[in-house]
Amino acid sequence: MSRLVAHSEGVVLSRAGGIYRVHTAGQVVEATLRGRMKHGTQKHVLVGDHVTLAMRADGGATIEAVHERSSILKRRSPGRSRGVRAVAANVDQVVVVGSARDPEWDPSLVDRFTAVAQANDLPTVVVINKVDLDPAAERHAEPYRQAGYSVLLTSATREYGIEELRRQLAGRVSLFSGPTGVGKSSLLNALEPGLRLRTAAVSRRTRAGRHTTVSAEMHPLGEDGFVVDTPGLRDVGLWGLEPREVAAVFPEFGEYAAGCRFDDCRHLEEPGCAVADAVGCGALAASRYESYRLLLEEAERAARPWLG
Ligand SMILES: Nc1nc2c(ncn2[C@@H]2O[C@H](COP(=O)(O)OP(=O)(O)O)[C@@H](O)[C@H]2O)c(=O)[nH]1
Ligand SMILES: [Mg+2]
Ligand SMILES: [Zn+2]
């Protein structure tokens, strides 16, 4: 073992096997876990974790401690198990990306991702990418503005809207999520050409290998921001969200729900449902309501697995 030279603070960018890439003082070092941490309660070091490193004279480093987390973003484990898996620590906001075309804008898919962000209590930014392919892309924005989210229109290939996106990401840790092929990696490359993230070709390959877990990877962005690209968040689901909690992940329903006749209104067929009325008269978006119904159904099925 080589001589210890210094301690430093860093942020975990990625993990492969037992090797962690850690961003510290403007550079990236490879670190392993200190022996006693492997067996302790802190053995799960996550992408995004703030850590204390011991740097050795030979350039190697060990992670000595993990600092308290401000948030942990979780998703359901892949497969049939109902376990929950941590995706990343200390995420400040979730950027949900969808595309106007190719693939077509899919509200039920986009709304799953906004629901996950909301269930994790994280602010949400919605990005409508590939606007170069659809001059009327703006029409998708309104339901999300109504939900209180910032909505940006972008084209990664034409570099439209990139500066605005950059401002939205500055000084924060942002997790990019959304369906495959909508241009998440392309947007990150447009923001920071040095990243050279793999685009389309590799997405196709991972689609074939459905069960290969691709873990989150974080990248420094600008002076003090970080972005997390998460190919693995594709299987996102609502792990253990109780049926009665589903309405709360649609924040725009809130002011109407207060006016429902029944306190435990599920906003489906109940008489005197102010949410359904608001959808009926166009005050709430029908697409968001449809997403709500799908997620509620899913949560109810998960809560009563014996019903199949
Ligand atoms: N026309 C158009 N194509 C785009 C845009 N952004 C990405 N693409 C293309 O969409 C495909 C998928 O992009 P990729 O970044 O891999 O998507 P990801 O799976 O969300 O990371 C690639 O062929 C990109 O070149 C855009 O703004 N406009
Ligand atoms: Mg990608
Ligand atoms: Zn109701």
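Now for a description of the structure that goes with this document. (Residues numbered from 1 in each chain as written. Chains lettered and ligands numbered in written order. Predicted model: local features only at pLDDT ≥ 70, side-chain atom pairs only at ≥ 80, totals over all residues. Heavy atoms only, no water.)

**Concerning the coordination of the zinc ion (ligand 3)**
Tetrahedral coordination by four donors sets the ideal angle at the metal to 109.5 degrees; octahedral coordination by six donors sets it to 90 or 180 degrees. Selection rule: Each metal site is built from N, O and S donor atoms within 2.8 Å (3.2 Å for Na, K and Ca), and since water is not included, such sites may look incomplete. Geometry is assigned from the angles between donors: four donors with all angles from 85 to 135 degrees make a tetrahedral site, four or six donors whose opposite pairs exceed 155 degrees while the rest stay between 65 and 115 make square planar or octahedral sites respectively, and everything else is labelled irregular.
The zinc ion (ligand 3) binds to the protein through Cys-260 (SG), Cys-265 (SG), His-267 (ND1) and Cys-273 (SG), with metal-donor distances spanning 2.1 to 2.4 Å. Geometry at the zinc ion (ligand 3) is tetrahedral, judged from its four donor atoms and the angles of 102 to 117° they form at the metal.

**Some points on the site of ligand 1**
Let me state the cut-off plainly: For each residue, the test is whether any non-hydrogen atom lies within 4 Å of the molecule or strand; if one does, the residue is near. Definition of a polar contact: a pair of N or O atoms within 3.5 Å, with one able to donate and the other able to accept a hydrogen when the atoms are protein atoms, and with sequence-neighbouring residues admitted only if both atoms are side-chain atoms. In short, Shrake-Rupley with a 1.4 Å probe defines the accessible areas, and a residue's cover is counted only from the protein chains shown. For helices the rule is a DSSP run of H or I covering at least 4 residues; for strands it is a run of E covering at least 2, with both sets numbered from the N terminus onward.
Of all residues adjacent to ligand 1, which total 18 residues, the nearest are Asp-132, Ala-156, Gly-181, Lys-184 and Ser-186. The contact in question runs from an oxygen atom of ligand 1 to an N or O atom on the side chain of Lys-130, over 2.9 Å. Take Lys-184: an N or O atom from its main chain is 2.8 Å from an oxygen atom of ligand 1. Within the complex, 82% of the 580 Å² of free accessible area of ligand 1 lies under protein. Elements represented by at least two residues in the shell around ligand 1 include exactly helix H5 (184-191) and helix H6 (200-208). Take the shell around ligand 1: its biggest share by element is three residues, from H5.

**Let's talk about the side chain of Thr-62**
Cut-off, in case you're wondering: Should any heavy atoms of two residues lie within 4.5 Å, those residues are considered in contact.
The topology assignment puts Thr-62 in strand E5 (residues 61-66). In terms of polar contacts, Thr-62 uses its side chain to reach the side chain of Glu-64, at 3.1 Å. Dropping the residues within four chain positions of it, Thr-62 is found in contact with Ala-31, Thr-32, Arg-34, Thr-52, Leu-53, Ala-54 and Arg-56.

**Concerning the nonpolar core**
So the rule is basically this: Put simply, a nonpolar core is a bunch of buried Ala, Val, Leu, Ile, Met, Phe, Trp, Tyr and Cys residues held in one set by side-chain atoms that sit within 4.5 Å of each other. Three labels apply to residues, based on accessible area from a 1.4 Å probe with only protein chains included: buried if under 20% of the type maximum, exposed if over 50%, partly exposed otherwise in between. Domains are outlined according to an automatic or database domain assignment.
By size, the foremost hydrophobic cluster in this structure holds 31 residues, and its most contacted members are Val-94, Ile-128, Tyr-144, Val-151, Leu-175 and Met-218. Those elements that provide at least two residues to this core are strand E1 (4-16), strand E7 (84-89), strand E8 (93-99), helix H2 (107-119), strand E9 (124-129), strand E10 (150-153), strand E11 (173-177) and strand E13 (225-229). For this core, the leading source of residues is H2, giving three residues. Both domain 1 (4-66) and domain 2 (72-235) contribute no fewer than three residues apiece to this core. Among the nonpolar cores identified, the runner-up in size contains 20 residues, and Leu-241, Leu-295, Leu-296 and Ala-299 belong to it.

**Some remarks on the packing of H2 against helix H9 (residues 286-303)**
Let me state the cut-off plainly: The axes used here are C-alpha line fits, helices contributing only the stretch in contact, and every angle between their N-to-C directions lies in the interval 0 to 180 degrees. Comment on the angle field: the value is read as roughly parallel under 35 degrees, roughly antiparallel over 145, roughly perpendicular from 65 to 115, and oblique elsewhere. Throughout, a crossing is termed right-handed when the near helix is turned clockwise from the far one, and left-handed when it is turned anticlockwise from it by less than a right angle. Residues are sorted three ways: Asp, Glu, Lys and Arg are charged, Ala, Val, Leu, Ile, Met, Phe, Trp, Tyr, Cys and Pro are nonpolar, and all the rest, Gly among them, are polar.
H9 packs onto H2 with a crossing angle of 65° between their chain directions and a minimal axis gap of 9 Å. It follows that H2 is roughly perpendicular to H9 by the angle criterion. Relative to H9, the crossing made by H2 is right-handed. Contacts between H2 and H9 involve Pro-107, Ser-108, Asp-111, Arg-112, Thr-114 and Ala-115 on the former and, on the latter, Ser-287, Arg-288, Ser-291, Leu-294, Leu-295 and Glu-298. Of the residues contributing to the contact of H2 with H9, the split by class is four nonpolar, four polar and four charged.

**Observations concerning the sheet that holds strand E2 (residues 19-24)**
Convention followed: A pair of strands counts as paired when DSSP detects no fewer than two bridges linking them.
The strand order around the closed barrel formed by five strands is E1-E2-E3-E5-E4, and the pairing between neighbours is mixed. The mean inter-strand angle of the sheet, taken between neighbouring strand axes irrespective of direction, is 55°. In this structure, E1 lies alongside E2, joined through five bridges in antiparallel fashion. Opposite Ala-16, over in E2, you have Ile-19 as the bridge partner.

**A few points about the packing of aromatic side chains**
Our working rule: Here a pair means two rings of Phe, Tyr or Trp (six-membered ring of Trp) with centres within 6.5 Å. Their orientation is stacked below 30 degrees between planes, edge-to-face above 60, and tilted elsewhere.
Using the criterion set out here, one finds five aromatic pairs in the structure. A ring pair is formed by Trp-105 and Tyr-144, whose centres lie 6.1 Å apart and whose planes are at 80°; its orientation type is edge-to-face. In this pair, Trp-105 sits in the loop between E8 and H2 while Tyr-144 sits in helix H3 (residues 142-146), placing the two residues 39 residues apart along the sequence. A relative accessible area of 9% means that Trp-105 is categorised as buried. Judged by its relative accessible area of 1%, Tyr-144 is buried. Taken together, a centroid distance of 5.5 Å and an interplanar angle of 75° make the contact between Phe-253 and Tyr-292 edge-to-face. Of the two residues, Phe-253 is situated in the loop between E13 and helix H7 (254-257) and Tyr-292 in helix H9; the sequence distance between them amounts to 39 residues. Of the two residues examined, Phe-253 and Tyr-292, each falls in the buried class. Here a set of aromatic residues connected by ring pairs shows up, and it is made of Phe-250, Phe-253, Tyr-289 and Tyr-292.

**Some details on the sheet that holds E10**
Read from one edge of the open sheet, six strands run E10-E9-E8-E11-E13-E12, paired in mixed fashion. Lying at the two open borders of the sheet, with one neighbouring strand each, are E10 and strand E12 (217-221). Between one strand axis and the next, the sheet turns through 25° on average, direction left out of account. Each of E8, E9 and E11 touches H2; the most contacted strand, E8, lies at about 180° to it. Across the sheet, H5 touches E8, E9, E11, E12 and E13, and the angle it forms with E11 is around 145°.

The values reported here are purely geometric and, on their own, carry no functional implication.
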